[in-house]
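Residue-level structure breakdown
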Amino acid sequence: AADHVRKQAVLRRSLWERLAALAISREPLPPSASISDLAAHIGGDWSDAWERIRLRQQELQTLESRCQGLLSERNAAREVVKTRVEEARAAARHLAVKEQERQQRGRYAYEE
């Protein structure tokens, strides 16, 4: 009978240690805590962990959404810049044509 009690004590201690290894709390329970207390503690730890995971996922979704918005704004800004560059090139070509015309008129006036 004493041997059976010792085996139960060893098994209980082993179970407590295995359960304690599952605990992720920053404030571990003392070794004198009951297995029920330890199981409840682990349940609370895991609930907290899942809640933190859920909150992180929400934050990630918010950041991904913001990132997509910023990328869209960047692409729109690139298109505006591209359009303005083309307009500036067209204006420069137009100016060059007008300058050539002015120079030709000046030569014609000089020749006459």
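In this convention, every chain numbers its residues from 1, walking through the sequence in written order. Local features in this predicted model are restricted to residues of pLDDT 70 or higher, and side-chain atom pairs are both shown and tallied only at a pLDDT of 80 or more, whereas totals for entire chains, interfaces and linings draw on every residue. Values shown for side chains rest on all heavy atoms present in the structure; no hydrogens or waters enter the calculation.

On to the overall build of the protein chain, then. In terms of regular secondary structure, the protein chain is built from two helices and zero strands. Only C-alpha atoms enter the radius of gyration, while the globule expectation follows 2.2 Å times N to the 0.38, with N the number of residues. For 112 residues, the compact-globule formula gives about 13 Å, and the C-alpha radius of gyration of the protein chain, at 39 Å, lies well above that figure. Within the protein chain, buried positions represent 7% of all 112 residues. Should any heavy atoms of two residues lie within 4.5 Å, those residues are counted as being in contact. When contacts within the protein chain are restricted to residue pairs at least 6 apart in sequence, long-range pairs at least 24 apart make up 10% of them. Secondary structure elements are taken from DSSP: a helix is a run of H or I of four residues or more, a strand is a run of E of two residues or more, and numbering for both begins at the N terminus. Residue exposure (1.4 Å probe, protein chains only): buried if accessible area is under 20% of the type maximum, exposed if over 50%, otherwise partly exposed.

So, about the nonpolar core. Definition used in this section: a nonpolar core is a set of buried Ala, Val, Leu, Ile, Met, Phe, Trp, Tyr and Cys residues joined via side-chain atoms within 4.5 Å. Counting residues in each nonpolar core, the largest one holds five residues, listed as W16, L19, A33, L38 and I42. Counting residues per element, the ones that place at least two in this core are helix 1 (2-22) and helix 2 (35-111).

So, about the pattern of salt bridges. We define a salt bridge as a contact between a side-chain nitrogen of Lys or Arg and a carboxyl oxygen of Asp or Glu at a distance within 4 Å. Under the definition given, this model contains eight salt bridges. The partner of R89 in a salt bridge is E86, with the nearest N and O atoms 3.3 Å apart. Placement of the pair is R89 and E86 together in helix 2, with a separation of three residues, close to one helical turn. Residues joined in a network through salt bridges with shared partners are D3, R6 and K7.

Taking 1.5 Å per residue, 77 residues should reach 114 Å; helix 2 reaches 112 Å between its end C-alpha atoms and fits that length. Residues L38, H41, I42, D45 and A49 constitute the buried set of helix 2. Helix span is expected to be 1.5 Å times the residue number reduced by one.

Taken together, the side chains of W46, W50 and I53 define a hydrophobic patch exposed on the protein surface, amounting to about 340 Å² of accessible area. Here W50 is to be found in helix 2. For patches, a residue must show more than 30% relative accessible area and have no salt bridge; joins then use 9 Å for like charges and 5 Å for nonpolar side chains, namely Val, Leu, Ile, Met, Phe, Trp and Tyr. Surface accessibility follows the Shrake-Rupley procedure with a 1.4 Å probe radius. Residue values consider only the protein chains on display as shielding.

What follows deals with the environment of I42. Inspection of the secondary structure puts I42 in helix 2. You can call I42 buried: its relative accessible area is 8%. Sequence separation between I42 and L19 is 23 residues; the distance between their C-alpha atoms is 7.7 Å.

No statement about biological role is implied by the geometric values presented.
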